[in-house]
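# Residue-level structural notes
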Amino acid sequence: MAAVKETVDQVRAIDVDQYKYGFETDIESERARKGLGEDVIRFISAKKNEPEWMLEWRLDAYKRWLTMEEPTWARVHYPQIDFQDIYYYAAPKSTPGPKSLDEVDPELLKTYEKLGIPLREQAVLAGVEGAKVAVDAVFDSVSVVTTFREELSKHGIIFCSISEAMREHPDLVKKYLGSVVPVTDNYYATLNSAVFSDGSFVYIPEGVRCPMELSTYFRINEKKTGQFERTLIIAEKGSYVSYLEGCTAPQRDENQLHAAVVELVAMEDAEIKYSTVQNWYPGDKDGKGGIYNFVTKRGDCRGDRSKISWTQVETGSAITWKYPSCILRGDDSKGEFYSIAVSNGRQQVDSGTKMIHLGKRTSSRIISKGISAGHSQNTYRGQVKVNRKADGARSFTNCDSLLIGHDCGAHTVPYLESGNPRAKVEHEATTSKISDDQLFYCISRGLDPEEAVALIVNGFVRDVLQQLPMEFAVEAQKLIGVSLEGSVG
Amino acid sequence: MLEIKNLHAEIENEGREILRGLDLVVKSGEVHAIMGPNGAGKSTLSHVLAGKPGYRVTDGAAMLDGVDILDMDPSLRAANGVFLAFQYPVEIPGVANMTFLKAALNAQRKARGQDEISTPDFMRLVRTEAGKLKITQDMLKRPVNVGFSGGEKKRNEILQMAILQPKLCILDETDSGLDIDALKVVSDGVNALRAPNRSFIVITHYQRLLDHIRPDVVHVLSKGRIVKTGGPELALELEAKGYADYASEEAA
């Protein structure tokens with residue numbers, strides 16, 4: 001199997017705790033002063049040429065945030081974060097809104113090249129025949145370039161950075177921003193509302209099926225910089241879009257903060273498929289450095305028969321705190337959550353989903369695969385809530401954990417709440433270990449121990465990998481192999 | 001050719017010696033049956049040759065075509081032609097049987113410095129060999145051994161053997177859990193693989209398997225050593241008399 005071979009080759013090419021994406025790009029950047037205050041928020045807003053209402057929105061969020069407390073219910077442990085010791089805005093200096101690729105700093109383009117991002121449209125066309133991917137690239141705090149815009153605009157699709165959307169499409173942004181994740185939703189979402197600097201904006205008009213995958217790559221480069229991006233996707237009646245985000249960061253000794261908010265709105269008969277391959281720097285094998293990833297992702301199935309599907313492959317970050325959720329408001333709407341969470345070294349993952357059934361005959365499906373190796377801790381936390389009016393609601397959860405070695409942990413914390421006697425809520429969970437017999441069986445057929453683990457793990461996560469767009473499934477498969485490197489023996 | 005000389009092996013954590021100076025020569029093209037009472041060390045011998053963790057070799061050597069395989073990692077032994085057909089084949093959920101076969105074959109080819117097999121060649125190879133063993137397309141697509149019947153699991157082991165083309169095949173109680181029909185299919189599969197450059201060690205409790213796979217030589221293993229060697233007639237004798245003689249002989 002070619003992918004397995006590639007996985008193993010890749011694993012061999014990398015030393016124990018070497019992170020492939022750990023390089024740093026040497027680019028002059030423009031930053032806000034260190035720390036957080038009204039002045040910093042005004043600075044960010046001014047940098048973005050934002051309308052007055054947006055500044056008010058941010059300041060309001062900031063005031064609320066000052067009264068809030070950091071949540072402690074997740075099964076993750078980390079030293080107190082000093083929010084005054086972080087830069088909230090860093091932009092590559094040479095890019096005050098590039099018009100085309102030619103205006104982008106070549107160093108930046110080189111970075112994306114190293115990341116394997118098909119930023120140049122020609123490269124995409126030449127590389128993957130027929131499989132076009134439109135990319136929005138976010139570097140530290142700023143969206144650098146968005147590709148394929150012309151072709152998309154022919155279909156009436158808007159795909160741009162959120163700061164641009166605020167200027168060009170203020171009505172849409174005003175109407176939908178914060179409508180799924182309210183400003184005061186939680187500590188990190190509120191912080192994000194105050195200081196978010198960029199992110200992607202997608203609008204699919206009524207009846208349009210987006211002709212290509214849309215994709216955003218996030219990269220944290222600057223030292224001591226937080227990345228707070230904001231993504232907003234709106235799918236009008238009967239439309240369809242598939243969206244993918246990828247994340248990487250340089251290797252650093254200190255921890256970096258990432259607190260994003262993603263909001264999805266699906267109107268009647270619309271479908272949004274949102275896939276994530278998260279590979280932020282996980283820290284070294286002793287737990288030094290790595291990204292703190294506190295993310296709020298939520299989709300609102302606002303229209304009848306709408307569908308939102310989250311697929312995530314989580315291999316990076318020192319701490320992951322992330323629960324992509326669906327509010328199933330429209331009748332007959334569907335929510336799906338497919339997740340692979342791999343933890344190794346000293347990583348801590350607390351991730352899962354929330355499915356809130358409000359409409360009649362709404363259904364949700366949750367497939368979660370957690371793989372823990374090394375000294376990591378991996379928690380699935382999921383909530384299924386059925387409102388009393390949600391007649392005929394159905395929910396199915398399958399939650400499998402796989403342990404590799406003796407020093408890691410897997411935990412499953414389901415919260416099931418049904419307020420409707422006619423709803424059907426199912427939950428299945430298993431925990432297993434890669435057995436010595438399975439390993440020896442593979443090895444006795446010629447696979448080396450790492451190939452054997454990669455093969456067994458890829459079998460374990462197969463149901464979820466199948467949900468990813470083809471080219472990303474291959475990438476994800478490789479990533480899983482690399483992440484588990486050094487977990488046997 | 002396999003030459004085992006004065007092999008001593010113990011269970012790692014217990015320090016209990018199971019193989020106590022075992023000598024055995026299996027020439028290329030020959031089929032040797034190893035019989036013996038429970039606890040004689042039959043399965044330990046197969047595990048030690050394949051390199052299963054949990055055993056410690058304290059003395060001796062096992063030379064396959066002049067190279068001591070006991071020094072090699074198990075995956076390298078496989079690449080050098082050692083194949084163990086498991087008594088209890090292991091299930092690997094989510095990994096298609098076909099995927100597993102291809103990964104194994106290519107891993108071995110790579111270890112031997114050969115190119116990967118092309119997908120069309122591989123498909124052709126699998127289809128031909130699977131047909132001989134009455135293995136359906138469905139079984140090739142299903143996850144490795146998951147939900148397979150006892151007979152299907154054993155046929156699948158023989159399929160792997162046919163694809164991997166080993167020099168030394170060790171069959172560890174392949175007849176256990178097989179009905180007469182399945183026994184026939186499996187035996188026919190093994191017989192078809194007999195070749196001048198291939199040796200077989202067939203470990204079994206019962207004569208019945210040896211009616212189908214005719215051995216050239218039959219050995220009796222008792223308390224960790226080969227205590228008697230003969231032709232196929234020895235198996236018949238054992239079937240009639242049991243192992244009582246050998247157990248007491250060793251004790252005396």
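Conventions adopted
Residue numbering note: each chain is counted from 1, following its sequence as written. Here every chain gets a letter starting at A, and every ligand a number starting at 1, in the order they are written. The model is predicted, so local features are restricted to residues of pLDDT at least 70 and side-chain atom pairs to those at 80 or more, both for listing and for counting; the totals for chains, interfaces and linings are taken over all residues. With hydrogens and water stripped out, all remaining heavy atoms of the structure feed into the side-chain values. Helix and strand labels come from DSSP, where a helix needs a run of H or I of at least four residues and a strand needs a run of E of at least two; each type is numbered from the N terminus. The globule rule used for comparison is 2.2 Å times the number of residues to the exponent 0.38, while the radius of gyration itself is calculated over C-alpha atoms. Burial classes: relative accessible area under 20% of the type maximum marks a residue as buried, over 50% as exposed, and values in between as partly exposed (1.4 Å probe, protein chains only). Contacts are residue-level and defined by heavy atoms, with any inter-residue pair within 4.5 Å sufficient. With residues, only the protein chains shown are counted as cover, and all accessible areas are computed by Shrake-Rupley using a 1.4 Å probe. His is not counted here, nor are the chain ends, while Lys and Arg score as positive and Asp and Glu score as negative. The location of each charge is read from NZ of Lys, CZ of Arg, CG of Asp or CD of Glu. DSSP bridges decide pairing: two strands pair if at least two such bridges lie between them. Orienting the strands away from the viewer, one traces the path from the first strand over the helix to the second; a clockwise path indicates a right-handed crossover. For this analysis, a polar contact is any N or O atom pair within 3.5 Å, provided that within protein one partner can donate a hydrogen and the other can accept it, and provided that sequence-adjacent residues contribute only side-chain to side-chain pairs. pLDDT is defined as a per-residue confidence score from the predictor, taking values between 0 and 100. The working definition used for a salt bridge is a side-chain nitrogen of Lys or Arg within 4 Å of a carboxyl oxygen of Asp or Glu. Each axis is a line fitted through C-alpha atoms, and for a helix only the stretch in contact is used; angles between axes span 0 to 180 degrees, taken between their N-to-C directions. Accessible area, probed at 1.4 Å, shrinks when two parts are joined; the buried area is that loss added up over both. The sense of a crossing depends on the near helix, which, turned anticlockwise from the far helix by less than a right angle, makes the crossing left-handed and, turned clockwise, makes it right-handed. When residues are grouped by polarity, Ala, Val, Leu, Ile, Met, Phe, Trp, Tyr, Cys and Pro land in nonpolar, Asp, Glu, Lys and Arg in charged, and all others, Gly among them, in polar. Comment on the angle field: the value is read as roughly parallel under 35 degrees, roughly antiparallel over 145, roughly perpendicular from 65 to 115, and oblique elsewhere.

### Notes on the overall build of chain B
Each helix and strand in chain B was counted, giving ten helices and twelve strands. Computed over C-alpha atoms, the radius of gyration of chain B comes to 18 Å, within 12% of the 18 Å expected from 2.2 N^0.38 for 252 residues, which places it in the range of a compact globule. Principal-axis analysis of the C-alpha atoms gives chain B an extent of 60 × 40 × 35 Å. Looking at chain B residue by residue over its 252 residues, the buried ones come to 56%. A fraction of 69% describes how many contacts in chain B between residues 6 or more apart in sequence connect residues 24 or more apart. Summing over all exposed atoms, chain B offers an accessible surface of approximately 10600 Å²; the carbon and sulfur share of this is 50%. Averaging the locations of the 31 positively and 34 negatively charged side chains of chain B gives two centres separated by 5 Å.

### Regarding the pairing of strand β9 (residues 168-172) of chain B
Residues and elements named next belong to chain B. Among the five residues of β9, five are classified as buried, and the element is accordingly described as predominantly covered. Of the two faces of β9, the one carrying Leu168, Ile170 and Asp172 and the one carrying Cys169 and Leu171 are both buried. Sheet topology places strand β6 (residues 82-85) next to β9; four bridges connect them, and they run parallel. Looking at the pairing, phenylalanine 83 lines up with cysteine 169 of β9. Relative to strand β10 (residues 199-203), β9 runs parallel, the two being bridged by five bridges. In the strand pairing of β10, leucine 168 is matched with serine 199. Between β9 and its parallel partner β10, the chain crosses via helix α7 (residues 180-193), and the hand of that crossover is right-handed.

### So, helix α9 (residues 187-195) of chain A
Most of α9(A) is tucked away: nine of the nine residues are buried. Looking at where α9(A) begins, the residue whose side-chain oxygen comes 3.0 Å from the main-chain nitrogen of A:Tyr188 is A:Asn186.

### Examining the confidence of the model for chain B
Residues and elements named next belong to chain B. Scored by pLDDT, chain B has a mean of 91; 98% of the residues are at 70 or more. Confidence over residues 248-252 falls short of pLDDT 50; this stretch has six contacts with residues more than four positions distant or in other chains. Across the whole predicted complex the pTM is 0.79, and at the interface the ipTM reaches 0.95.

### So, the pattern of salt bridges
Residue and element names in this part refer to chain B. Tallying each qualifying case throughout the model produces 30 salt bridges over all chains. Here lysine 132 makes a salt bridge to glutamate 129, at a shortest N to O gap of 3.4 Å. Taken together, the residues span about one helical turn, with lysine 132 and glutamate 129 both in helix α4 (residues 119-132) at a distance of three residues. Its relative accessible area of 52% is what places lysine 132 among the exposed residues. With a relative accessible area of 12%, glutamate 129 lands in the buried category.

### Quick word on the side chain of A:Arg58
Residue and element names in this part refer to chain A. Residue position: arginine 58 is located in helix α3 (residues 52-66). Taking relative accessible area as the criterion, arginine 58 reaches 0% and is therefore assigned buried. Not counting chain neighbours up to four residues away, the residues in contact with arginine 58 comprise Ile41, Ile44, Ser45, Glu50, Ser193, Ala194, Val195 and Phe196.

### Thoughts on the sheet that holds strand β3 (residues 31-35) of chain B
Residue and element names in this part refer to chain B. Overall, mixed pairing links the six strands, which are arranged β6-β9-β10-β3-β11-β12 in an open sheet. Edge positions in the sheet fall to β6 and β12 (225-230), since each of these pairs with one other strand and no more. Averaged over all pairs of adjacent strands, the angle between their axes in this sheet comes to 20 degrees, without regard to strand direction. The sheet contact formed by β3 and strand β11 (residues 217-222) spans four bridges and is parallel. By the bridge assignment for β11, methionine 35 is matched with valine 220. Contacting β6, β9 and β10, helix α6 (residues 150-164) crosses the sheet at an angle of about 170 degrees to β6.

### Regarding the interface of chain B and chain A
At the interface, 35 residues of chain B touch 21 residues of chain A. Of the roughly 2200 Å² buried between chain B and chain A on both sides combined, carbon and sulfur atoms contribute 65%. Counting across the interface, chain B meets chain A through two salt bridges. Ionic pairing is found between B:Lys52 and A:Asp437, a salt bridge with its closest N-O pair at 3.7 Å. Here chain B and chain A share nine residue pairs in polar contact (both at pLDDT 80 or more) between them. Counting residues per element, the ones that place at least two in the side of chain B that touches chain A are α2 (74-79), β6, β7 (92-96), α3 (97-111) and α6 of chain B. Broken down by element, the side of chain B that touches chain A gets its largest block of residues, nine residues, from α3(B).

### Examining the confidence of the model for chain A
All names here are of chain A. Per-residue pLDDT for chain A averages 81, and the proportion of residues at 70 or more is 78%. Taken as a whole, residues 1-18 scores under 50 in pLDDT and shows 38 contacts with residues more than four places along the chain or in a different chain. This model gives residues 117-131 a pLDDT under 50, and the stretch forms 22 contacts once residues within four places in sequence are excluded.

### A look at the packing of α3(B) against α4(B)
Residues and elements named next belong to chain B. Put simply, α3 and α4 touch, their axes get as near as 11 Å, and they point 115 degrees apart. The chirality of how α3 crosses α4 is right-handed. In this structure, α3 contributes Met98, Leu101, Lys102 and Leu105 to the contact, and α4 contributes Thr119, Phe122, Met123, Leu125 and Val126. Residue composition of the contact of α3 with α4, grouped by class: seven nonpolar, one polar and one charged.

### Here's the deal with the packing of α6(B) against α7(B)
Residue and element names in this part refer to chain B. Close contact between α6 and α7 brings their axes to 10 Å; oriented N to C, the two are set at 5 degrees. Accordingly, the angle class assigned to the pair α6 and α7 is roughly parallel. Residue-level inspection shows Gly151, Lys154, Arg155, Ile158, Met161 and Ala162 of α6 in contact with α7, the latter providing Ala182, Val185, Val186, Gly189, Val190 and Leu193. Grouping the constituent residues of the contact of α6 with α7 by class yields eight nonpolar, two polar and two charged.

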